[in-house]
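In case you want the letters, here they are:
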Amino acid sequence: MDQKLIFKTLILILTILPIKSFSQNGNIKGIIVDSITNQKLPFVNIVYNKSNQGLSSDIDGSFEISNANNIEFLQFSYVGYNPKHLNISKINKDKQLIIKLKLKTFDINEVTVFPGKNPAHRIINKVIENSKINNPESLKSFSCKTYNKMVLTFDIDNSLKDAQNKKLDIDSIMSDSSYIKAKELIDKMYFFMIETLSERKYKNPGKISEKVIATKVSGLKQASFFVLATQLQSLWFYDEMINIAESRYINPISKGSTKRYFFNIEDTTYNQRGDTIFVISFKPKKNKNFEALEGVLNINTHKYAIQNVIAKPVDADGLFNIEIQQNYNLIDDEYWFPAELNTSMVINNVVGQTGALRMRTIGVSKSYVSDIQLNKEISDKEFKIASLEIAEDAHNKDSLFWLNNRRDSLTEKEINTYHVIDSVGEKHNLDLKVKIAQTVSKGYIPLGFLDIAINSIIDYNVFEGFRTGLGLKTNNKISSAFSLGGYFAYGFNDEEFKYGGNLVFNIYKKRDLKLEFGYKNDVVESSGYKFLEKLSLNSSEMYRKYFIRDMTYIEEYSSNIQFISFKHLNLKLNAASQTMHNIKGYYFDNQSNTFVGDIYNFFETALQFRYAPNEKLAYIDNEFFSTTNISSPIFTGNIIKGLKTFDGNYDYLKIEAKFQISYLTKAFGKTFLQLVGAKVWGDVPYFKLYNGHGSYYDFNVESANSFATMRMNEFLSDGFFAVYFRQDFGSLLFKTKKFKPEVLLISSLAYGSLNNLNYHYNIPIKTMENGYFESGILINSIFRQAKFVGYGFGVFYRYGAYAFENIKDNFAYRLSLTFDF
């Protein structure tokens, strides 16, 4: 979301990098490009003379041959292109060659049929056998530096081809003055550019550290925010599942891949070491439905390792269409290690308009790895809480620093980009706009030295109806050491005002250590529970809060301290004095004290924790962010002790816990399992117990990890255990080119019990000792909007001991609303 704001702010334009190089006598240097688009072609095979020996172009399409005096001819071959033969006698060795290859015209879906076993399978199986020893994660340790450069622009040339295919008047478009001006800008500059320099360290098993020591962003003085935009692909191509822009795909060199992918040997060459390099294309087999890639592998017979790879998702239709490229070097004549990584992308739904021409936004990210050190001793102290950290002075590096650390000098086009966009950024104060966008992404609207909480302006639940109000807190313009906040709200259904405030001290930001004092006079869900977590916008769990119909009024004074105690573990210690009451006429009488009525006083102490051992964190601008799309497993829990002190009238202990795990399998998609349980020891009013966590409310939106057929507050327990299971097949079961619904099978169960039912008066009570069962099917993304919003439909059914006599009452019908950010 934040990237889109910047893209739309910087609507200037671009095209392809100009080429600068130099040559020496006896050497041949050149660059290989597509004959139509001039796109540079990486890993093109170059064979000289009749020896079948040669080399390949690098990740930028460049090549260099030293001691070329004995070479008579060069043969260029590349998957999907016609080969090209070049006599050395006809070239000028003092000039850089520009080799243009033409695309083949055959049907790209054509499949080679082998009379017996596919000969490529022997090679692929060898690669799979050796994948563990070739995976850099198998090393004892490594360290390296990574220089990354990413640019964004509008693809005016291919946009013209699209217009031509749509039968638009190309001559009219190209003669339009707006097109001419756009083309001039495109040839002159990019509209966005970012450079970063990072130090990476790894220690087996699984310890990772990346420190960004330098950043430079066009138009912005400080924009650490954008560093995450460069984290688009895995550093190597050996994991069972390959991550590309937070989506996961089955690796063509994973176990069982020959049953899913079609492989074809396109070419075979030899290098000067005498190794054989097999060029093997891959794509999913017909009638095989899975999250697949297509592309080309260059396999070196030395350890049967990947020498380079080009891959892109098949049928990508999300926010990005991406192609990745990786090149590996042989280090110390023993270990293969990634040396260059490219990412090319088309950003859907962010377009430029010039006259009648709609121009696609494209981006290119290039990473170059240097200073590679393998199997050296690295202290555990080098690995901090955050896997990714940005140095405080990263944005202050001078031109001499960048001159010494760039892979190549900036081109004229890149220099123009910084010059023009920096002046635009200063004129329009883009730093301020980015800070506003960051604040909005966190749920606040900045207004001077105050931030307005967006969800305080308008909200809804069944109990309060529409709730409107205003929440404010101070921001860093007053102080980064503390914030003071407050809010008020009014519910139109219960016709009551609510208000509260807090004071937060940021004691030690690198441990997220905070001390908070708070007060509120508000409502909370009766018999609910809450863990130390924030629900993601990608999760439909957040929808349940809109259907809550039973709430309790609470006046609370509280203090808490929270921090990251060690890596992956968050802790929060809390003490609170509470006065609670409701409007249902309920009263509680445990027949052992005199505290009978509708006003109840509590004093609680609590320990909350969250442990996510596989979660990766980034520390950016003095804040922690999760860089893991789905962390698994996650343990959360609460230990709450009620005391008869400080006006508290009840002595009790509550233990609440949640365990959630998710994993991805090649054949069945994503599996989600959540276990929740809680127990109260001691007698307390019903709103301190547990409802069944239902989410039924006529015809509403599906809410994950709740019971769609269970009525709100239908059951009451002082101890319960619930299981929520979701199998997300994605589009594995069914998809066409334009219609890709995502099918989920869902099943949930719960058991609960309640002692001393006769202590609770004037409320209906049902318990679920015999088990509550529910199953359903959900079809997401039947319709999609703007590529990342999906609409679907589901149906659920309750069965077992608590099923209704009337069968139709056991059904619940749900809309589904999903976001793919």
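What counts, and where the lines are drawn
- Residues numbered from 1 in each chain as written.
- Predicted model: local features only at pLDDT ≥ 70, side-chain atom pairs only at ≥ 80, totals over all residues.
- Heavy atoms only, no water.
- Helix = DSSP H or I, 4+ residues; strand = E, 2+ residues; numbered from the N terminus.
- Rg over C-alpha atoms; globule rule 2.2 N^0.38 Å.
- Buried < 20%, exposed > 50% of the residue type's maximum accessible area, 1.4 Å probe, protein only.
- Areas by Shrake-Rupley, 256 points an atom, 1.4 Å probe, with all protein chains shown as cover.
- Lys, Arg positive; Asp, Glu negative; His and termini not counted.
- Charge placed at Lys NZ, Arg CZ, Asp CG, Glu CD.
- Salt bridge = Lys/Arg side-chain N within 4 Å of Asp/Glu carboxyl O.
- Pairing = 2+ DSSP bridges.
- Axes fitted to C-alpha atoms, helices over the stretch in contact; angles between N-to-C directions.
- Contact = heavy atoms within 4.5 Å.
- Expected span 1.5 Å × (residues − 1).
- Polar contact = N/O pair within 3.5 Å; in protein donor to acceptor, adjacent residues only side chain to side chain.
- pLDDT = per-residue confidence, 0-100.
- Phe/Tyr/Trp six-rings, centres within 6.5 Å; stacked < 30°, edge-to-face > 60°.
- Nonpolar A, V, L, I, M, F, W, Y, C, P; charged D, E, K, R; others polar.

Below, the discussion takes up the overall build of the protein chain. What the protein chain contains, in helices and strands, is eight helices and 47 strands. Relative to the 2.2 N^0.38 estimate, which gives 28 Å for 821 residues, the radius of gyration of the protein chain is 31 Å and therefore close to what a compact globule would have. Reported as C-alpha extents along the three principal axes, the dimensions of the protein chain are approximately 105 × 65 × 65 Å. Sorting the 821 residues of the protein chain into buried and exposed places 49% on the buried side. Carbon and sulfur atoms provide 54% of the accessible area of the protein chain, an area that totals close to 39400 Å². Positive and negative side-chain charges of the protein chain, numbering 97 and 87 respectively, have mean locations separated by a distance of 5 Å.

Close approach of charged atoms allows side chains of opposite charge to pair. Here the structure, examined in full by the defined rule, presents 34 salt bridges. With a closest N to O distance of 2.8 Å, D60 and K366 form a salt bridge. Of this pair, D60 sits in the loop between β3 (53–56) and β4 (62–65) while K366 is found in strand β19 (residues 357–374), placing the two residues 306 residues apart along the sequence. Residue D60 is classed as buried on the basis of its relative accessible area, which comes to 10%. A relative accessible area of 13% means that K366 is categorised as buried. Note that D494 and K498 form a salt bridge whose closest N and O atoms lie 2.7 Å from each other. Owing to a relative accessible area of 13%, D494 belongs among the buried residues under this scheme.

Attention shifts here to unusual backbone geometry. Backbone phi values are negative for most residues with the exception of glycine, while trans is the configuration of most peptide bonds. Cis rather than trans, the peptide bond between N204 and P205 has omega equal to 5°. At Y304, a position not held by glycine, the phi torsion is positive, near 45°. Considering the arrangement of structural elements, one finds Y304 in the loop between β15 (293–300) and β16 (305–313). Owing to a relative accessible area of 16%, Y304 belongs among the buried residues under this scheme. The phi torsion at E495 lies on the positive side, around 55°, for a residue other than glycine. With respect to the element layout, E495 can be found in the loop between β25 (482–491) and β26 (496–508). Classification of E495 by relative accessible area gives exposed; the value is 56%.

Before going further, it helps to examine the sheet that holds strand β1 (residues 28–34). Spatial ordering of the open sheet is given by β4-β1-β7, a layout of three strands whose pairing is mixed. In the strand order of this sheet, the two ends are held by β4 and β7 (97–101), each with one partner. The sheet shows a mean angle of 30° between the axes of neighbouring strands, direction not considered. In terms of strand pairing, β1 meets β4 through four bridges, oriented antiparallel. Within the sheet, the bridge partner assigned to G30 lies in β4 and is F63.

This brings us to the pairing of strand β35 (residues 652–665). Note: strand β34 (residues 634–642) against β35, nine bridges, orientation antiparallel. Bridged to I640 within β35 is K654. Two strands pair when backbone bridges link them, and β35 and strand β36 (residues 669–681) are joined in this way by 13 bridges, in the antiparallel orientation. In the sheet register, F659 faces β36, and the bridge partner there is L675. Between β35 and β36, which pair antiparallel one after the other, the connecting turn spans three residues.

So, on to the environment of S717. Mapped onto the elements of the fold, S717 is located in strand β41 (residues 716–717). By relative accessible area, which is 1% here, S717 ends up buried. Contact partners of S717, with chain neighbours within four places excluded, come to L689, Y690, G752, S753, L754 and M768.

In this section: helix α7 (residues 412–428). With 17 residues, α7 extends 24 Å from end C-alpha to end C-alpha; this agrees with the ideal 24 Å at 1.5 Å per step. All of the buried residues in α7 are K413, E414, T417, Y418, V420, I421 and G425. Elements in contact with the buried residues of α7: β8 (141–155), α5 (177–188), β9 (192–203), β10 (207–217) and α8 (430–441). Of the residues flanking the end of α7, it is N429, one or two places downstream, whose phi is positive at about 50°.

Okay, the environment of D550 next. The residue D550 is located in the loop between β27 (513–525) and β28 (551–566) in this model. D550 sits 511 residues away from Q39 along the chain, and the two C-alpha atoms are 62 Å apart. Once residues lying within four places of it in the same chain are set aside, the contact partners of D550 are E525, S526, K584, Y686 and N713. A distance of 2.9 Å separates the side chain of D550 from the side chain of S526, its partner in a polar contact.

Moving on, we come to the confidence of the model for the protein chain. Mean pLDDT for the protein chain: 87, with 93% of residues reaching 70 or above. Per-residue pLDDT stays below 50 along residues 1–25; that stretch engages in 79 contacts with residues further than four places along the chain or on separate chains.

For the rest of this paragraph, the subject is the packing of aromatic side chains. Taken as a whole and judged by the stated rule, the model has 45 aromatic pairs. Geometrically, the ring pair formed by Y490 and F492 is edge-to-face, given 5.2 Å between the ring centres and 90° between the ring planes. Here Y529 and F720 contribute two aromatic rings whose centre-to-centre distance is 5.8 Å and whose plane-to-plane angle is 25°, an arrangement assigned as stacked. One end of the pair, Y529, is in the loop between β27 and β28; the other, F720, is in strand β42 (residues 719–730), and 191 residues separate them in sequence. Taken as a pair, Y529 and F720 share a single burial class, namely buried. In this structure an aromatic cluster arises from ring pairing among Y586, F588, Y600, F602, Y650, Y652, Y686, F687 and Y759.

Let us now look at the packing of helix α3 (residues 156–165) against α5. Running from N to C, α3 and α5 point in directions that differ by 145°, and their axes come no closer than 11 Å. Residues I156, D157 and L160 of α3 touch α5, and the partners they reach there are Y179, K183 and I186. Considering only residue class, the contact of α3 with α5 consists of four nonpolar, no polar and two charged.

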